[in-house]
Amino acid sequence: MIKKNNIYKEEEEIKKRLEKLSRIINKHNLLYHQKDKPKISDKEYDDYVKENNKLEKQYPHLILNNGPNTIVGSSISNKFKKIEHKSAMLSLANAFNKKDLSDFIERLKKFLNLEEKTNISFIGEPKIDGLSLNLLYENGKLKTASTRGDGKIGEDVSNNIINVIGIPKQLNGWKHPKEIEIRGEIFLNKKDFIKLNSNLQEKHKFSNPRNAAAGSLRQLDPNITKTRPLRFIAHGLGYTKKKYMTVNEFYSELKLWGIPNSNLTKTFNSIDSMMDYYHVIEKKRSSLKYDIDGVVFKIHSYDLHDRLGFVGKNPRWAIALKFSAEKTSTKIIDIDFQVGRTGAITPVGRLEEVNIGGVLVSNATLHNFDEIAKKDIRIGDIVQIQRAGDVIPQVIKVIEKAKNRNNIISPPKFCPVCNGNVSKEKDEAILRCINQYNCDAQKIGQLVHFVSKQGINIDGFGVKQIKQFYDLNFIKKIDDIFLIDMHKNNILELDGWGDQSYNNLIKSIDNSKKINLERFIFAIGIRYVGETISTLLAKEFLNIDNFINNSKNYERLINIDGLGPKAIDSIVDYFSNTLNQKTILNLIKKLTISNFRKPQSSSFFNNKSIVFTGSLLKLSRDEAKHLARELGATITSTVSKRTDYVIVGDKPGSKAKKAMELKIPIMTEDDWLNKIKP
Ligand code: IVH
């Protein structure tokens, strides 16, 4: 009895100590993370954490619900409100040399049906390594500021840009457009980044100015953001009804309004002058106040932007010419095999940690086994590695061979995760685990893809949580996510989970339930069905039922312009699998999948199915198709009873004949152009 009492007493004291430690650690976390004003040394802080963790391990039943190891708020949260951009925020395709640049120019001339020797005017400017931001001004007043997000929907950071240099609340001048979206880059100067870091404790320092800018902008407490000297430089125009002829005309207006754009812009008419500019800016790179990672070339005329449109997420009218990657050397300590969502087995080098351009690197991809053999890479070798922007660091070559070189890296005979069979497709260098529906790595990869920003977008539900729930059998397939509340009690008992984090997760899951068709198709992760193909399918089938009903209909799928045989096989294969069928049916019950929204246009070709045949003289085939899609038409490659119009160019082939047989209206190129003239 006496002993028992003593235990109670001891436990009482432990509990008190844990409570005290929790208060201390949480207080210093706040000073550290949010206020950037630490009051104790790293060592003192670490000692508190160590003491806390030791006690938690010894007395697991005394761990506090809101102790220092509980994930609260920040990791799973609906931090910011969502804002839909008025026009999509695109990204840029990359070029790395003169050949890439000249291919880009050649491609767009072909698209516009221009002769090779025609000159197109470009504007060039440095590519700032920051984050893109969308500012919406209404009648000259700043209405909202939002991050790029997934390009369509971003985060509302309006309260966090109040002190940003270069973002006026009210535009100078008068006669402002009713609405205008101004896009640009938000960043920190290199000096300001160093100063900010010098006030942060070692493990909280940012690794580069870009991360520091992102961390500062996305602070929950706007008062902290205010103390960070963020800057804004405009580089683009989003939605507006106002008509500008050239990029320079828009930039001149921005200057009058008090919004800065780059002071290093230049216009060009030849590829040689563009390359000269690239080299000049590269030389200036280290002396500039902010980080840049290349130059951007954009066509000068907005009319051509409209004609060219975009492919996937990238405009056809602009390209980033990147500077070469930063390189260094280090030792390969080990080589692991990683299995991705599509079963691809990638060898990854574990490295002795090195600093490349301010970023600490300890892993680098070795791409595939042919590469390893070609470069003869072995464990213990000193290798050269390179890192460019957000791309995963890569091993380039062996610089110094290891002393003992008996350890040749050979491809695994079986999947390193599920032990299933592996195979290599004829035209691919990649080795894959073919256990598509039963390999844990692929299943986890699918789940992570499903919840990702581009997928169903469950805020804050990342790899770590997915793995945790997968291992505990709470979530095995994507539809299990919507039944997670069945495991509420078990989750609340887990290390790192509490009421708040659990409720936030449920809220995020609920928020993700309304989804549009193209996103849904992308999220379910059919191989070879990326964002572009998903949109193509959504446009074709308009609603989920129609898509599912036709998902095994080869005839119908083959007819969709832009859909290749690999994607078609993969779609049919996916929907032929009974487990997948069940998953989809379960998902449909839980989600509200909105129909594809056709452009609201009264155009003659809206909702029409059209076929082009023969060579067009005034536009390229690609531009004609692009235009037709913009007008809401669907383009197919074969003529059938469902075809509404066949547009014939020079030397039409059998399609024109078939159209006559089926009595489908035929139009010449001129008829078609006259119909679509604004
Ligand atoms: S033009 C259609 N100009 O780079 C997008 N972008 O890698 C047109 N960026 O998302 C962007 N400096 O955030 C443009 N001078 C510049 C830029 C720039 C940085 C960023 C931008 C974009 C990203 C693409």
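Keep in mind the model is a prediction, meaning the values are calculated, not measured. Every chain is numbered independently, its residues counted from 1 as its sequence is written. The predicted origin of the model limits local features to residues at a pLDDT of at least 70 and limits the giving and counting of side-chain atom pairs to 80 or more, whereas totals for whole chains, interfaces and linings rest on all residues. Side-chain calculation: all heavy atoms of the structure are included, whereas hydrogens and water are not.

S.K.: An account of the overall build of the protein chain is needed here, citing residue identities and associated values.
M.R.: Under the scheme used here, helices are H or I runs from DSSP no shorter than 4 residues and strands are E runs no shorter than 2 residues, and both carry numbers assigned from the N terminus. Helix and strand content of the protein chain: 23 helices and 26 strands. Relative to the globule expectation of 26 Å for 678 residues, the C-alpha radius of gyration of the protein chain, 28 Å, shows essentially globular dimensions. For the C-alpha atoms alone, the extent of the protein chain along its principal axes is close to 100 × 60 × 60 Å. This count recognises Lys and Arg as positive and Asp and Glu as negative, with His and chain-terminal groups excluded. Where a charge lies is defined by one atom per residue type, namely NZ (Lys), CZ (Arg), CG (Asp) and CD (Glu). Charge-centre separation for the protein chain: the mean point of 110 positive side chains lies 2 Å from the mean point of 80 negative side chains. Throughout, radius of gyration means the C-alpha value; the globule benchmark is 2.2 Å times the number of residues raised to the power 0.38.

S.K.: Describe in detail the packing of helix 11 (residues 440-451) against helix 12 (residues 463-471), supporting the description with residues and values.
M.R.: At their nearest, the axes of helix 11 and helix 12 sit 10 Å apart, and the two run at 130° to each other. As the angle between them shows, helix 11 and helix 12 are arranged oblique. Of the two possible hands of crossing, helix 11 and helix 12 adopt the one that is right-handed. Every residue of helix 12 that contacts helix 11 at D440, K443, I444, L447, V448 and V451 is listed here: V463, I466, K467 and Y470. We call Asp, Glu, Lys and Arg charged. Ala, Val, Leu, Ile, Met, Phe, Trp, Tyr, Cys and Pro are nonpolar, and the rest, Gly among them, are polar. Partitioned by chemical class, the residues of the contact of helix 11 with helix 12 number seven nonpolar, no polar and three charged. Axis geometry follows a simple rule: fit a line to the C-alpha atoms, using only the stretch in contact for helices, then measure angles between N-to-C directions, giving values from 0 to 180 degrees. Put simply, angles under 35 degrees are roughly parallel, angles over 145 are roughly antiparallel, angles from 65 to 115 are roughly perpendicular, and the rest are oblique. Left-handed describes a crossing in which the near helix is turned anticlockwise from the far one by less than a right angle; the clockwise case is right-handed. A contact between two residues is defined here by any heavy atoms of the two lying within 4.5 Å.

S.K.: How would you explain the pairing of strand 15 (residues 345-356) if you had to name every residue and give the values?
M.R.: Two strands pair under a simple rule: DSSP has to find at least two bridges between them. Here strand 14 (residues 326-339) pairs with strand 15 via seven bridges, running antiparallel. Looking at the pairing, D334 lines up with R350 of strand 15.

S.K.: Help me get a handle on helix 16 (residues 531-541), residues and values and all.
M.R.: Relative accessibility thresholds used throughout: buried, under 20% of the residue-type maximum; exposed, over 50%; partly exposed, between the two (1.4 Å probe, protein chains only). In terms of residue burial, helix 16 counts as a mostly covered element, since eight of its eleven residues are buried. Of all the positions in helix 16, only I533, S534, L536, L537, A538, K539, E540 and F541 are classed as buried. Where helix 16 is buried, its residues touch helix 15 (517-523), helix 17 (544-550), helix 18 (554-558), helix 19 (565-576), helix 21 (621-630) and strand 24 (634-635).

S.K.: Any chance you could break down the sheet that holds strand 5 (residues 141-147) for me, citing the residues and the numbers?
M.R.: In spatial order, the strands read 5-4-7-8; together these four strands make up an open sheet with antiparallel pairing. Of all strands in the sheet, those bounded by a partner on one side alone are strand 5 and strand 8 (231-240). On average, each strand axis in the sheet is tilted by 30° relative to the strand beside it, whichever way the strands run. Sheet analysis places strand 4 (residues 131-138) next to strand 7 (residues 179-187), joined by eight bridges and oriented antiparallel. Looking at the pairing, S132 lines up with E185 of strand 7. Sitting on the sheet, helix 5 (residues 209-217) touches strand 4, strand 5 and strand 7, and the angle it makes with strand 4 is about 45°. Each of strand 7 and strand 8 is contacted by helix 7 (residues 247-257), which is oriented at about 120° to strand 8, the strand it contacts most.

S.K.: Could you give an account of the site of the ligand, naming the residues involved and the relevant values?
M.R.: Nearness here has a simple test: a residue counts as near a molecule or strand if at least one of its heavy atoms is within 4 Å of that partner. Among the 13 residues in the neighbourhood of the ligand, the closest are listed as E125, P126, I128, S132 and E185. With respect to the ligand, the side chain of K127 contributes an N or O atom lying 3.2 Å from an oxygen atom. Taking K298, its side chain carries an N or O atom lying 3.2 Å from a nitrogen atom of the ligand. Surface accessibility in these figures is a Shrake-Rupley result with a 1.4 Å probe; residues are shielded only by whichever protein chains are displayed. In the complex, 88% of the free accessible area of the ligand, which totals 520 Å², lies under the protein chains. We call two N or O atoms a polar contact when they sit within 3.5 Å, provided that within protein one can donate a hydrogen and the other can accept it, with sequence-adjacent residues counted only if both atoms are side-chain atoms.

S.K.: Could you give an account of the packing of aromatic side chains, with specific residues and numbers?
M.R.: In this scheme Phe, Tyr and Trp rings, the latter by its six-membered ring, pair at centre separations within 6.5 Å, and the angle between planes marks the pair as stacked below 30 degrees, edge-to-face above 60, and tilted otherwise. By the definition in use, this model includes 21 aromatic pairs. Here the aromatic rings of F469 and F474 are separated by 5.8 Å at their centres, their planes lie at 50°, and the arrangement is tilted. Taking relative accessible area as the criterion, F474 reaches 10% and is therefore assigned buried. For the pair F541 and F547, a centre-to-centre distance of 5.8 Å together with 45° between the ring planes defines the contact as tilted.

S.K.: Explain the side chain of N197 to me, using residue names and the numbers behind them.
M.R.: Tracing the chain through its elements places N197 in helix 4 (residues 190-198). Dropping the residues within four chain positions of it, N197 is found in contact with K205 and F206.

S.K.: So what about the state of the cysteines? Which residues, and what values?
M.R.: When two cysteine sulfur atoms are found within 2.5 Å, that pair is recorded as a disulfide. Applying the stated criterion across every chain, the model contains zero disulfides. In this structure C418 is not part of a disulfide, and its nearest cysteine sulfur, from C433, lies 3.7 Å away. Residue C439 stays outside any disulfide, its sulfur separated by 3.8 Å from that of C418, the closest cysteine. Overall, the relative accessible area of 0% leaves C439 in the buried class.

S.K.: Describe the environment of K374, with residues and values.
M.R.: With respect to the helices, strands and loops of the structure, K374 is situated in helix 10 (residues 369-375). As for K374 and K397, which are separated by 23 residues in sequence, their C-alpha atoms are 9.7 Å apart.

S.K.: Outline the sheet that holds strand 23 (residues 609-613), listing residues and values.
M.R.: Backbone hydrogen bonds hold the strands of a sheet together, and the pairing may be parallel or antiparallel. Pairing is parallel in the open sheet, where four strands are placed in the order 24-23-25-26. Across the chains shown, the open sheet's two edge strands, defined by having one partner strand only, are strand 24 and strand 26 (666-668). In this sheet, strand 25 (residues 645-648) lies alongside strand 23 in parallel orientation, the contact comprising four bridges. Looking at the pairing, T613 lines up with V648 of strand 25. Relative to strand 23, helix 22 (residues 654-661) is tilted by about 140°, and along the sheet it contacts strand 23, strand 25 and strand 26. Relative to the sheet, helix 23 (residues 669-676) contacts strand 23, strand 25 and strand 26, its axis offset from that of strand 26 by approximately 85°.

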